[in-house]
Number of protein chains: 2
Amino acid sequence: MARLVMKFGGTSVADIERIRNVARHVKREVDAGHEVAVVVSAMSGKTNELVAWCRDASPMHDAREYDAVVASGEQVTSGLLAIVLQGMGITARSWQGWQLPLYTDGTHASARIKGLNGEELIKRFKERKEVAVIAGFQGINQETGRISTLGRGGSDTSAVAVAAAVHADRCDIYTDVDGVYTTDPRIVPKAQRLEAVAFEEMLEMASLGAKVLQVRSVELAMTQKVRLFVRSSFDAPDAPQVDNKGRPPGTLICDEEEIVENQIVTGIAFSKDEAQIALREVADKPGVAAAIFGPLAAAHINVDMIVQNVSADGKKTDITFTVPVAEFAKAKATIEKAKSKIGFASMEGYSDVVKVSVIGVGMRSHAGVAATAFRSLAEKGINIRVISTSEIKISILIDAAYTELAVRTLHSVYGLDG
Amino acid sequence: MARLVMKFGGTSVADIERIRNVARHVKREVDAGHEVAVVVSAMSGKTNELVAWCRDASPMHDAREYDAVVASGEQVTSGLLAIVLQGMGITARSWQGWQLPLYTDGTHASARIKGLNGEELIKRFKERKEVAVIAGFQGINQETGRISTLGRGGSDTSAVAVAAAVHADRCDIYTDVDGVYTTDPRIVPKAQRLEAVAFEEMLEMASLGAKVLQVRSVELAMTQKVRLFVRSSFDAPDAPQVDNKGRPPGTLICDEEEIVENQIVTGIAFSKDEAQIALREVADKPGVAAAIFGPLAAAHINVDMIVQNVSADGKKTDITFTVPVAEFAKAKATIEKAKSKIGFASMEGYSDVVKVSVIGVGMRSHAGVAATAFRSLAEKGINIRVISTSEIKISILIDAAYTELAVRTLHSVYGLDG
């Protein structure tokens, strides 16, 4: 007997037929004797519709009212799933965020979770064998009693919070992919589904554009030690719960120590959401970095990679950094405005670049991982624009035209091809 | 300065453009210095969609889950209207049933209101000039904390409850007609809009099929002494608030004593939702009425008019009664089943009948009102099947073919033609 949280996204509950399919997944776990809490998103498309109505009502809408409107989508699916489960003979009830209550701070439309007490849910698991069907994405502002929402993708975070509160053995995230892959299978057909990924690795992959899970939900899972299992909601609910190789039908995201055989490199991620800005002949003196990055921070522009070349004469240097593509124009304008304070000869910008990253907790204990990447890219004639590294990640900015070649080369050289 | 509750139904909030129109009505009252609470229904069609989903999820759905699902419609419109009002510069916030809280009993899907404290709303009227935008139709089960709904048309009842709780001077019901008429204008083009109707009269009209207001809302208004004003939401919000005769643009429903010039007859109502059952040669002995109406009550069939002819010989009698058309077949089957216990020669049924009613509180103090009705119908050759009377109403069952003739005749003979 285990205690499980099962989370289903919008495409999994898009209509009553799919909600029935979700219920069959739940029934399988209940029949196996498990205690189950289910967290559901709104029907796909519904949240977009509600958001559009709010925008139409007023472009400058009150986030508290926006939250009241958009939280209704999950309210509907939680009630409907409870009804379907009851129709299958399973004891179930729906819970709105304010009923649990899942308390949040006052940052409406992107609230952070402040607390959730799982005792009532646990009591009902034990006393009534009752399945909790929880409206994801929402909570209640602890100060004001107003409905709050956790931001797009927030149902993943709800699920992790529920799993932590009820001390669940696992939080199963049912989504439209069947797990986390070594890289994007559309680019590398030999990409492999990973059996297990460490939280830190998943965080790097998620923030680098592998959109399986909301970053915040992985962060919360890591700090709360909630084991996540990513799997497809389109698997037949009643089929044997293994893939065609006899392995579990998804990817476990867990503590590094739980993974017995760590690979040195777990995956190759890439992000096209990068633009590069280079400043030529900047004065190499104290305070110049602040003069550049202060105004960018003030404009809420998120700077990612930063490289400063050592100047030969100790007087002038080149500084290169990357920003999200959406902020590219704004970043250039901000720098241009601060030109007299910074002092540089010219500014060059490139948006046709991609950031390729090699990720793996095994790098911590293995030298030479970065050198392998640089050498193999050089052998393919791929020019490296910027490099940044962390303990478990090497990121390399290259021309976008080489994306596929670079990803395939790195995937192969680190032994990830099947 | 007055304190007003304004209630808008589903067609009035069907899309953002109509919600803007509602907001302009609210703005007019706010600009006039009034304190305002608004009660809104779901967008028209939305509740039907949610109900259909519940039925599709399971025909035997849990009423508590049904309530959680269908209450979401009003949540959406209350938030959207608050946003639009704020966009017009008006201080406003939405309130869900559970936030007020509007407490109900545990009869989910058709809950009754147990209590509502208006102090917080009044405080906000006074301290912030804040318009309360309240999700109609819903409350919270006082025992369990679950969302409850008040049944179809329940937003009218919500509005009256709010008006009572905040001691409103008036509760304005904005609907798709511009008031209560002396009879259906589609049948009698000379029908007049009434300036005022007593609660008791409105109750008779509502229960007789004049579907302007939910019966429960009028009952609650009568016991709570909430003055209702029925008017059209399609009136131009910014036009002068009088009709083309300089009168108020709707009908006031109020205490009898507030109406200075009571007419003897206020209106002619009719209901096609009637079927007649006649039992011939029933034994005229104690207990026979119980033998007939006991089984009907047990089958939840609502018997309306009952007539028992005095038997000439004191041994056999005819008993005639009416039931709703929807229960006609069930009623006949129920009687047939009890035939041996009742003892009658034959049963005759007619569904092609209509109940025409003459309504007016003035009847209490005026004799001869009924005689006028019988005489004028006889003059037109209309046969009376069944008669029943109350203090303020005479109801007459006739063949449906004579509906228009009877209504026009009575409308004219009581001086209601314009």
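As the structure is a computational prediction, the values presented were derived from the model and not from experiment.

Rules of the game
Residues numbered from 1 in each chain as written. Chains lettered and ligands numbered in written order. Predicted model: local features only at pLDDT ≥ 70, side-chain atom pairs only at ≥ 80, totals over all residues. Helix = DSSP H or I, 4+ residues; strand = E, 2+ residues; numbered from the N terminus. Rg over C-alpha atoms; globule rule 2.2 N^0.38 Å. Buried ≥ 20, exposed ≤ 12 C-beta atoms within 10 Å, placed from the backbone. Contact = placed C-beta atoms within 7 Å. Pairing = 2+ DSSP bridges. Axes fitted to C-alpha atoms, helices over the stretch in contact; angles between N-to-C directions. Core = buried A, V, L, I, M, F, W, Y, C linked by C-beta atoms within 7 Å. Nonpolar A, V, L, I, M, F, W, Y, C, P; charged D, E, K, R; others polar. Least-squares fit on C-alpha atoms with pLDDT ≥ 70 in both. Domains from an automatic or database assignment. Parallel < 35°, antiparallel > 145°, perpendicular 65-115°, else oblique. Left-handed = near helix turned anticlockwise from the far one by under 90°. pLDDT = per-residue confidence, 0-100.

Caption draft 1: Region of the structure containing the overall build of chain A. The number of helices and strands found in chain A is 13 helices and 20 strands. The C-alpha radius of gyration computed for chain A amounts to 24 Å, which stays within 12% of the reference 22 Å derived for 418 residues, consistent with globular compactness. Dimensions of chain A along its principal axes, counting C-alpha atoms only, are 80 × 55 × 30 Å. When burial is assessed residue by residue, chain A has 48% of its 418 residues classed as buried. Considering only residue pairs separated by 6 or more positions, chain A has 76% of its internal contacts joining residues 24 or more positions apart.

Caption draft 2: The arrangement of the sheet that holds strand 20 (residues 393-399) of chain A in detail. Residue and element names in this part refer to chain A. Pairing within the open sheet is antiparallel, and its four strands lie in the order 13-18-20-19. The open sheet terminates on both sides in strands that have one partner only, identified here as strand 13 (267-271) and strand 19 (386-390). Going across the sheet, the axis of each strand differs from the next one's by a mean of 20°, ignoring polarity. The sheet contacts of helix 7 (residues 199-207) involve strand 13, strand 18 (353-359) and strand 20, and relative to strand 18 the element is tilted by about 170°. Relative to strand 20, helix 12 (residues 369-379) is tilted by about 20°, and along the sheet it contacts strand 18, strand 19 and strand 20.

Caption draft 3: Structural detail: the nonpolar core. In terms of nonpolar packing, the biggest core is built from 254 residues, with Val38(A), Leu81(A), Val38(B) and Leu81(B) touching the most fellow members. For Val38(B), the residues in contact, after removing those within four places along its chain, are Met6(B), Phe8(B), Val26(B), Leu81(B), Val131(B), Ala132(B), Val133(B) and Ile134(B).

Caption draft 4: Expanded view of the interface of chain A and chain B. The interface is formed by 28 residues belonging to chain A together with 28 residues belonging to chain B. Among the elements of the structure, helix 1 (16-31), helix 2 (46-57), helix 3 (63-70) and helix 4 (72-87) of chain A are those that each provide at least two residues to the side of chain A that touches chain B. Per-element tally for the side of chain A that touches chain B: the top contributor is helix 4 of chain A, with 10 residues. A breakdown of the residues in the side of chain A that touches chain B according to their chemical character gives 15 nonpolar, 10 polar and three charged.

Caption draft 5: Representation of the relation of the copies chain A and chain B in the model. Of the two same-sequence chains, chain A is brought onto chain B (RMSD 0.1 Å, axial shift 0.1 Å) by a rotation of 180°. Considering both components of the superposition, the chain copies are consistent with a two-fold axis. For chain A, the minimum C-alpha distance to the rotation axis belongs to Ser72(A) and amounts to 2.7 Å. When the interface residues of chain A are mapped onto chain B, 100% of them again fall at the interface, so both copies present the same face.

Caption draft 6: Region of the structure containing the domain arrangement of chain A. All names here are of chain A. Parsing chain A into structural domains produces domain 1 (3-257) and domain 2 (262-418). Each of domain 1 and domain 2 has a C-alpha centre, and these two points are 34 Å apart. At the junction of the two partners, domain 1 supplies 17 residues and domain 2 supplies 20 residues. When residues of the side of domain 1 that touches domain 2 are assigned to their parent elements, the largest contribution, four residues, is made by helix 7. Broken down by class, the residue content of the side of domain 1 that touches domain 2 amounts to eight nonpolar, four polar and five charged.

Caption draft 7: Seen up close, the sheet that holds strand 15 (residues 306-308) of chain B. Residues and elements named next belong to chain B. Spatially, the four strands line up as an open sheet ordered 15-16-14-17, and their pairing is antiparallel. Lying at the two open borders of the sheet, with one neighbouring strand each, are strand 15 and strand 17 (346-350). Put simply, the sheet's adjacent strands are angled 15° from each other on average, direction ignored. Bridge count between strand 15 and strand 16 (residues 316-323): three bridges; the pairing is antiparallel. Its bridge partner being in strand 16, Ile-306 is matched across the sheet by Phe-321.

Caption draft 8: Highlighting the packing of helix 4 of chain A against helix 2 (residues 46-57) of chain B. It is the contact of helix 4 of chain A with helix 2 of chain B, at a shortest axis distance of 8 Å, that shows an interaxial angle of 25°. Between helix 4 of chain A and helix 2 of chain B, the interaxial angle falls into the category roughly parallel. Seen along the crossing, helix 4 of chain A lies across helix 2 of chain B with a hand that is right-handed. On helix 2 of chain B, the residues that touch Val76(A), Leu80(A), Ile83(A), Val84(A) and Gly87(A) of helix 4 of chain A are Leu50(B), Trp53(B), Cys54(B) and Ala57(B). Tallied by class, the residues present in the contact of helix 4 of chain A with helix 2 of chain B amount to eight nonpolar, one polar and no charged.

Caption draft 9: View of the environment of His411(A). Note on placement: His411(A) falls in helix 13 (residues 403-413). Excluding anything up to four places from it in sequence, His411(A) contacts Thr182(A), Thr183(A), Val188(A), Ile268(A), Leu416(A) and Asp417(A).

Caption draft 10: Region of the structure containing helix 3 (residues 63-70) of chain B. Within helix 3 of chain B, seven of the eight residues are buried, leaving the element largely enclosed by the surrounding structure. Every buried residue of helix 3 of chain B is accounted for by Arg64(B), Glu65(B), Tyr66(B), Asp67(B), Ala68(B), Val69(B) and Val70(B). Summarising the contacts, the buried residues of helix 3 of chain B are in contact with helix 4 and strand 3 (92-95) of chain A together with helix 2, helix 4 (72-87) and strand 8 (147-149) of chain B.

Caption draft 11: Region of interest: the pairing of strand 6 (residues 131-135) of chain B. Residue and element names in this part refer to chain B. Where burial is concerned, most of strand 6 is hidden: five out of the five residues are buried. When strand 2 (residues 35-40) meets strand 6, the two strands line up parallel, connected through four bridges. Paired with Ala-37 across the strands is Ala-132, a residue of strand 6. Sheet analysis places strand 3 (residues 92-95) next to strand 6, joined by four bridges and oriented parallel. Residue pairing in the sheet places Arg-93 in a bridge with Ala-132 of strand 6.

Caption draft 12: Representation of the environment of Gly136(A) in the model. Residues and elements named next belong to chain A. Along the chain, Gly-136 falls in the loop between strand 6 (131-135) and strand 7 (138-141). Residue Gly-136 is classed as buried on the basis of its C-beta count, with 31 C-beta atoms lying within 10 Å. Once residues within four sequence positions are removed from consideration, Gly-136 is found in contact with Lys-7, Val-39, Val-40, Ser-41, Glu-74, Gly-154, Ser-155, Ser-158 and Ala-159.

Caption draft 13: Focus on the pairing of strand 14 (residues 275-283) of chain A. Here strand 14 of chain A runs beside strand 16 (residues 316-323) of chain A; their pairing, made up of seven bridges, is antiparallel. Bridging from a neighbouring strand, Ile277(A) pairs with Phe321(A) of strand 16 of chain A.

Caption draft 14: View of the confidence of the model for chain A. Per-residue confidence for chain A gives a mean pLDDT of 93, with 99% of residues at or over 70. Reported confidences for the modelled complex are a pTM of 0.87 and an ipTM of 0.84.

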